[in-house]
Amino acid sequence: MKLGRFSLFGLLAAVFLLTTLVVSAQDVVTIEWWTVNSEEFDEQVQRDLVEQFNAEHPDIQVNMTLLPASGFDERMTTTLGAGQGAPDVAFFWINNWLPQALDIEPYLEADPDLGPENYFENFWNTRAVWNDTVVGLPLGVGANFVIYNKDVFDAAGVEYPTADWTTEDYNALASQLADEETRTWGGDRPRGPYRAIWYNYGAKVYSDDSTTVDGYLNSPESVASYTWLWDLVNSGATPTPADLEILGTEGTGPIDLFIAGRLAMATLNQGHMLNLIDEGINFGIVPEPAAPGSELRHANAWSLTASIWKGTEHPQEAYEWLSYWAGPEGQQFLMENGNLIPSMPDVLATYENADTEYAQAFFEVLELPQVAQWDNAHPCKGSVMSAVSDAWDLVNLGEIERDEVQATLDSLVPVGQAALDECLTRLGG
Amino acid sequence: MLATWRNMNPLARREAAEGYISLLPWAIGFLVFTVMPVGASIVLGFTRWNIVEPPVWIGLDNYVRMFTADPMFWQALKVTGLFVLISLPLKLVLGLGLALLLNLKLPGMNFFRTVFYIPAVISGVAVSLMWMWLLQPDTGVVNTILYYMGIEGPGWFWDRNWALPSVALMSIWKVGGSAIIYLAGLQNIPAHLYEAAEIDGASRWRRFWRITLPLLTPTLFFQLVIELIDSFKIFTEAFVITQGGPLRSTYFYLLYFYETAFQNFNMGYASALAIVLMVIILSATVFVNYTSKRWVYYEAE
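Thresholds applied
- Residues numbered from 1 in each chain as written.
- Chains lettered and ligands numbered in written order.
- Predicted model: local features only at pLDDT ≥ 70, side-chain atom pairs only at ≥ 80, totals over all residues.
- Heavy atoms only, no water.
- Domains from an automatic or database assignment.
- Salt bridge = Lys/Arg side-chain N within 4 Å of Asp/Glu carboxyl O.
- Helix = DSSP H or I, 4+ residues; strand = E, 2+ residues; numbered from the N terminus.
- Buried < 20%, exposed > 50% of the residue type's maximum accessible area, 1.4 Å probe, protein only.
- Contact = heavy atoms within 4.5 Å.
- Disulfide = S-S within 2.5 Å.
- Polar contact = N/O pair within 3.5 Å; in protein donor to acceptor, adjacent residues only side chain to side chain.
- Pairing = 2+ DSSP bridges.
- Right-handed = clockwise from strand over helix to strand, strands pointing away.
- Buried area = accessible area lost by both parts, 1.4 Å probe.
- 1 Å grid on protein atoms, 1.4 Å probe; cavity = no way out; pocket = protein on both sides within 12 Å on 5 of 7 lines; lining within 4 Å.
- Points joined across faces, edges and corners; volume = space filled by probe spheres on them.
- Nonpolar A, V, L, I, M, F, W, Y, C, P; charged D, E, K, R; others polar.

**A look at the domain arrangement of chain A**
Accessible area lost upon the coming together of the parts serves often as the stated size of an interface.
Link 1 in the chain: In terms of domain boundaries, chain A breaks down into domain 1 (29-141 + 301-366) and domain 2 (194-219 + 379-429).
Link 2 in the chain: A separation of 34 Å is found between the C-alpha centroids of domain 1 of chain A and domain 2 of chain A.

Printed below as a string of structure tokens:
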């Protein structure tokens, strides 16, 4: 009898224990997170971050899936398009995906520890806000700036550029530094029009209200920008497109030429800057030059939008992970253990080399108005630029004379307008 | 068909059933991976669709725009057509010429056959990068050699007049793949025909013209169709090297399609572009097939 009671008690205890375990298991929410490997955060660093988060949040488990960069785009596009199988949290770095991102404003408002004030304002505006909704958090930052090789300048007896320099100074310095005998070029050329220097001239490819190309593509500001490029191309002080393509590195900038001392000035980014530190190159940083007589200054800068998928079944838990990953904890971790440059000024202030001359110059570039501010608000820019790319090719290949720049741009206005009209129709006006 | 099935004896029925079951995996694959995507493309060609939002039915608008208001479409079509006209005859003639050389009974010929076939199995991207280096105007191997010969080399991929011929040159380099198929055709020609012609005093040229070429026409026909389709599908070289430039001189049809679909996410218009290309290739293939009755000779005929 005793044995029977004991057995019954034991059975009840086992059932209770099992039920508790099952309930506990059900309480744990799994968040699917897709990411990629990069120079800023490699796989192991990201796995360590997930492990740290999972340990601190026993009720949420993040399941990390690492995808190759190209496969990432394809899988995101297809799963978002299908409306199923997309991850709870991921980079939404293609603007076309943003309609499928959850508006996180209510979650941010309820979060006492995180808000727009924690991020660089420019990056918040360009990467977190889209169509007046908060579609994600900006993770990490990057920017282009002109890096100059101090040793090459010293050898040529030329003064270093300063932050208030102009495009005329750029061409003059490039010509002074170019040396045919040693096959050294003075400076590289931009990798496309309507980037920082074009905006510094006040040039835009079409009107702010996205209706008109005439008077913008062929405006005096656009003509001045292209004419500056024409002068640079024809000075012989800059590598040809063929040189840049062959001797450059994966289209991100001619870092190899710069390290080899064959290019005195190059428009590069913070990743290249770290390469130069590793290589022991004696370099300095300045923003891209302004137009002569102008105060306008822009930076070609970027960040990655980390978002929650609209279709997630666990928005609160997804927000917990998102705000950890792209919040101060995550960005601090990725900065200290990887190469991430955080998008949060307070975190960036703790950067180990924050006091160096080059870091300070880089931080100043991060504060500049961004090319992306206009670009992100004008989704037809790519289509119009593609339609009018002949102007870029003709100047770059040296196929037109200096006084033909205006006529060339004038001739492309109808093509650009047609592309703009088509794009607007496609996007529903 | 049902009557045929009823008239079959049990063994024949079993054999037929086994045959159909064996065909089933291919049939399912064809249905799922070919018929359905083509069908979906036809339908999507009548829509405006950016993938992440539902498609909107717009009737024939995509086709109307393509033929009446899209200069890029005509430019891409022109460049691709030119490429087909330049590269297709060259590939056919050089492939046949190479096969004739590889068919010679010389020691070590298997080595040469292997060497010439290698380009056909190397990744298109790797080949493109290699050609970029070879044809770099200032430091490339080709222009350096030309320089020592006293010739100023052209700008190749970076010159609007030379970019398209440069891509055609690249495609010719892979001619070893088609040479192997010609070689198989050449080796199927009965030797006694050559022996009889030689006894009759036929010259080498006459033997080629009267025996080799006619008996090789089925292979030529096959190669013509395959190379024709392949030429219309030119993409990797432009995507990796020229991005369609300079001045759109290498703006091939599939590059335009790719930009439309995967950079601008204009899937409806891209589907319409794909359908038009399919119709062009299909028409060209049907035309070649129609003319084949006049110039292709099969041994049994």
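And the narrative resumes.
**A few points about the pattern of salt bridges**
All names here are of chain A.
Link 1 in the chain: This model, assessed by the stated rule, comprises 14 salt bridges over all chains.
Link 2 in the chain: Note that Lys150 is salt-bridged to Glu357, the shortest N-O span being 3.4 Å. Note that Lys150 is positioned in helix α6 (residues 150-156) and Glu357 in helix α16 (residues 357-366), a separation of 207 residues in sequence.
Link 3 in the chain: With a relative accessible area of 11%, Lys150 lands in the buried category.
Link 4 in the chain: With relative accessibility at 54%, the residue Glu357 sits in the exposed group.
Link 5 in the chain: With a closest N to O distance of 3.9 Å, Asp188 and Arg191 form a salt bridge.

**Points about the side chain of A:Ser343**
Link 1 in the chain: Mapped onto the secondary structure, A:Ser343 falls in the loop between α14 (328-337) and α15 (345-348).
Link 2 in the chain: Beyond its immediate stretch of four places on either side in the chain, A:Ser343 contacts A:Asn118, A:Tyr119, A:Phe120, A:Pro138, A:Leu139, A:Gly140, A:Val141 and A:Gln331.

**Re the state of the cysteines**
All names here are of chain A.
Link 1 in the chain: Summed over the entire model, instances satisfying the criterion amount to 1 disulfide over all chains.
Link 2 in the chain: With its sulfur 2.0 Å from that of its partner, Cys380 forms a disulfide with Cys423. Because the sign of the S-S torsion sets the handedness, a value of about -85 degrees for the bond joining Cys380 and Cys423 places this disulfide among the left-handed ones. Taken together, the positions of Cys380 in the loop between α17 (371-377) and α18 (381-387) and Cys423 in helix α20 (residues 405-426) put the pair 43 residues apart, joining distant regions of the chain.
Link 3 in the chain: The buried category is assigned to Cys380, whose relative accessible area is 3%.

**Quick look at the side chain of A:Gln370**
Residue and element names in this part refer to chain A.
Link 1 in the chain: Mapped onto the elements of the fold, Gln370 is located in the loop between α16 and α17.
Link 2 in the chain: By relative accessible area, which is 2% here, Gln370 ends up buried.
Link 3 in the chain: At a separation of 3.2 Å, a polar atom in the side chain of Gln370 contacts the side chain of Thr126.

**Brief notes about the pairing of strand β1 (residues 29-36) of chain A**
Residue and element names in this part refer to chain A.
Link 1 in the chain: Burial analysis of β1 places 6 of its 8 residues in the buried class, the great majority of the element.
Link 2 in the chain: In terms of strand pairing, β1 meets strand β2 (residues 60-67) through 8 bridges, oriented parallel. The partner of Trp34 across the bridge, within β2, is Thr65.
Link 3 in the chain: Following the chain from β1 across helix α2 (residues 43-56) to the adjacent parallel β2, one finds a crossover that is right-handed.
Link 4 in the chain: Bridge analysis of β1 against strand β3 (residues 89-91) gives 2 bridges, and the strand direction is parallel. Along β3, the bridge assignment pairs Trp34 with Ala90.

**Description of the interface of chain B and chain A**
Link 1 in the chain: The interface of chain B with chain A comprises 25 residues on the first partner and 28 residues on the second.
Link 2 in the chain: At the boundary of chain B with chain A, total buried surface from both sides reaches about 2,300 Å², with 56% on carbon and sulfur atoms.
Link 3 in the chain: Of all residues in chain B, B:Val52, B:Trp158 and B:Leu247 give up the largest surface area on contact with chain A, accounting jointly for 26% of the area buried on that side.
Link 4 in the chain: In this structure, the connection of chain B to chain A is made through 3 salt bridges.
Link 5 in the chain: At the surface where chain B touches chain A, the tally comes to 9 residue pairs in polar contact (both at pLDDT 80 or more).
Link 6 in the chain: Put simply, the parts of the chain that give the side of chain B that touches chain A at least two residues each are α6 (124-134) and α12 (236-242) of chain B.

**Observations regarding the layout of surface pockets**
Link 1 in the chain: Reported here for the second largest pocket is a volume of approximately 680 Å³.
Link 2 in the chain: As for the second largest pocket, its lining consists of 24 residues, of which A:Trp185, A:Thr238, A:Thr240, A:Asp243 and B:Asp138 are closest to the centre.
Link 3 in the chain: Residue assignment for the lining of the second largest pocket shows that the elements contributing at least two residues are α9 (220-235) and α10 (241-247) of chain A.
Link 4 in the chain: Residue contributions to the lining of the second largest pocket peak at 3 residues, all from α10(A).
Link 5 in the chain: The class makeup of the residues in the lining of the second largest pocket is 8 nonpolar, 8 polar and 8 charged.

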